[in-house]
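# Observations on chain architecture
Here is how the chains run, residue by residue.
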Amino acid sequence: MSDYLVKALAYDGQVRAYAARTTDTVSEAQRRHQTWPTASAALGRAITAGVMMGAMLKGDDKLTIKIDGGGPIGTILVDSNAKGEVRGYVTNPHVHFDLNEHGKLDVAKAVGTNGMLTVVKDLGLRDFFTGQVPIISGELGEDFTYYFASSEQVPSSVGVGVLVNPDNTILAAGGFIIQLMPGTEEKTIDQIENRLRTIPPVSRMVEKGLTPEEILEELLGKGNVKVLETLPVAFVCRCSRERIADALISLGAQEIQDIIDKEGYAEASCHFCNETYRFTKEELEQLKQLANAKEE
Ligand SMILES: [Zn+2]
C-alpha cells in the first residue's frame, strides 16, 4: 500500500472525517533529515496533521504549520497543499529520549510545552489566514485538536502517530481528523467519544495494515462512513538549483566575489528537504556576471 488520504462524511453529513497513511512520506522525511526516533515521531506527527489540513484547502491554496514549544527539537516547520504534497523539517533532528510512562516515544519532551502552534493559510491573492494557539500538551495530536476548537471554532479530534524501527527507520505512520458540523446530535457525539476511548492508537492500526477507509470505519462505525475523495500523499519539495542560484545572485556581485575568494565554491542546502546544491568557482563567476548585469 502506498500513502494516501481519504476525505469522508459520516452520520448523514453531521461529521467530516479525514484519515491518512503517511508511512512512506514520514520515511522520506526521516531519511532526508536523518532524524532520531523521538524527533521522527514529532516531525512525522506534524507532517501527518499537515497533509490532512492541506486536504481541507482548495486549488492552489497552501498552508504552513510552525510549532515552537521551547523543547530541544527547536522549531518544527511543515508546508502542505491541497494536492497531498507535504514537506517539513525540525531545527535539531538528533533528538531522542527514553520512552514515556505509556511506552511511547516522548514527543512532548522533545517539542516542549512552552510556546505556540501557528498555522498560516495562503489562500491566494494575498489573502492569508493566521491562527495561533499555545501548545498545551506537546504531543501534537491534542495540540491540533485544541487549535481547531480554539482558532477555527470546529470541535475536532485529531489523532496522529508514528512507530519507529530499532534501526531508526519508520515502521508505520498515519492519522485522522474528525470534525463535528454545527448541529451534530448528542447521541452521535457520545458514540464517537466512546469509540475514541476504545480504539487502538492510529499508528498501530496502520502497522496492522488497515487502510485509511478502514481506520475511519474503526472510528465511526462500519456503514456510517461515506468516502468523498481519495488523494495520494507524498513528501514533495519544490526547491531547485535555479532558486538557489537566484538567491546567490540576489546577494550581489561583491558578496559572490567574497565567496569565490574565501571558499572557492558555494554550497547551500534546502531547509525543507536537506538537498544540497553545490556551485563551482566557474559557476559562481557566471552568477557574479548576472549579479553585475542586474546592478548596472
Ligand atoms: Zn527542498
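Since this is a predicted model, take the numbers as computed values, not measurements. (Residues numbered from 1 in each chain as written. Predicted model: local features only at pLDDT ≥ 70, side-chain atom pairs only at ≥ 80, totals over all residues. Heavy atoms only, no water.)

## Things to note about the domain arrangement of the protein chain
Much of the literature gives interface size as the accessible area that the parts lose upon coming together. As a reminder, the rule being used: For the domain bounds, the source is a domain assignment made automatically or taken from a database. We call two residues in contact when some of their heavy atoms are within 4.5 Å. Throughout, buried area stands for the accessible area (probe radius 1.4 Å) lost by two parts on being put together, summed over both. Any carboxyl oxygen of Asp or Glu within 4 Å of a side-chain nitrogen of Lys or Arg constitutes a salt bridge here. Here a polar contact is recorded for every N or O atom pair within 3.5 Å, except that within protein the pair must consist of a potential hydrogen donor and a potential acceptor, and residues adjacent in sequence are included only if both atoms are side-chain atoms. Strands are runs of DSSP state E lasting at least two residues, helices are runs of H or I lasting at least four, and both sets are numbered from the N terminus onward. Side-chain classes are defined by residue name, with Ala, Val, Leu, Ile, Met, Phe, Trp, Tyr, Cys and Pro counting as nonpolar, Asp, Glu, Lys and Arg as charged, and the others, Gly among them, as polar.
Under the domain assignment used here, the protein chain contains domain 1 (4-235) and domain 2 (241-295). Computed from C-alpha atoms alone, the centre-to-centre distance between domain 1 and domain 2 is 37 Å. Taken together, the contact pairs eight residues of domain 1 with five residues of domain 2. Of the roughly 640 Å² buried where domain 1 meets domain 2, counting both sides, 58% is carbon and sulfur surface. Linking domain 1 to domain 2 there are one salt bridge. A salt bridge links E275 to R32; its shortest N-O distance comes to 3.2 Å. In this structure, the connection of domain 1 to domain 2 is made through four residue pairs in polar contact (both at pLDDT 80 or more). For the side of domain 1 that touches domain 2, the secondary-structure elements that each account for two or more residues are α1 (23-33), β4 (75-81) and β5 (85-90). Ranked by the residues each element gives to the side of domain 1 that touches domain 2, the list is headed by β5, at three residues. Its residues assigned to classes, the side of domain 1 that touches domain 2 comprises three nonpolar, two polar and three charged.

## Points about the coordination of the zinc ion
When a metal carries six donors in an octahedron, the ideal angles between them are 90 or 180 degrees, while four donors in a tetrahedron ideally lie at 109.5 degrees. Our working rule: In this listing, donors mean N, O and S atoms no farther than 2.8 Å from the metal, or 3.2 Å for Na, K and Ca; water is missing from the atoms, so a site can look incomplete. A four-donor site is called tetrahedral if each angle lies between 85 and 135 degrees; a four-donor site is square planar, and a six-donor site octahedral, when trans pairs exceed 155 degrees and the remaining angles lie between 65 and 115; all other cases are labelled irregular.
Around the zinc ion, the donor atoms from the protein are C237 (SG), C239 (SG), C270 (SG) and C273 (SG), and they sit 2.2 to 2.3 Å away. Geometry at the zinc ion is tetrahedral, judged from its four donor atoms and the angles of 100 to 115 degrees they form at the metal. Expressed as a motif, the donor residue spacing for the zinc ion is C-x1-C-x30-C-x2-C. Of the two residues, C237 sits in the loop between β11 (234-235) and α8 (241-251) while C270 sits in the loop between β12 (266-269) and β13 (276-279), which places them 33 residues apart along the sequence.

## What about the packing of aromatic side chains?
Test applied: The aromatic pairing rule takes the rings of Phe, Tyr and Trp, using the six-membered ring of Trp, and pairs them if the centres are within 6.5 Å, calling planes under 30 degrees apart stacked, those over 60 edge-to-face and the rest tilted. Three labels apply to residues, based on accessible area from a 1.4 Å probe with only protein chains included: buried if under 20% of the type maximum, exposed if over 50%, partly exposed otherwise in between. When the NZ atom of lysine or the CZ atom of arginine is within 6 Å of a ring's centre and also within 35 degrees of its normal, the charge is said to sit over that ring.
Here the structure, examined in full by the defined rule, presents two aromatic pairs. Between Y89 and F272 the ring centres are 5.1 Å apart and the planes differ by 80 degrees, which places this aromatic pair in the edge-to-face class. Of the two residues, Y89 sits in strand β5 while F272 sits in the loop between β12 and β13, which places them 183 residues apart along the sequence. Note on F272: relative accessible area 12%, which makes it buried. Arranged with centres 5.4 Å apart and planes meeting at 65 degrees, the rings of Y147 and F148 form a pair that is edge-to-face. Exposure class is identical for Y147 and F148. Each is buried. In this arrangement the basic side chain of K121 is found over the ring face of F129, its NZ or CZ atom lying 5.0 Å from the centre. Above the face of the F279 ring, R241 is positioned so that its terminal group lies 4.2 Å from the ring centre.

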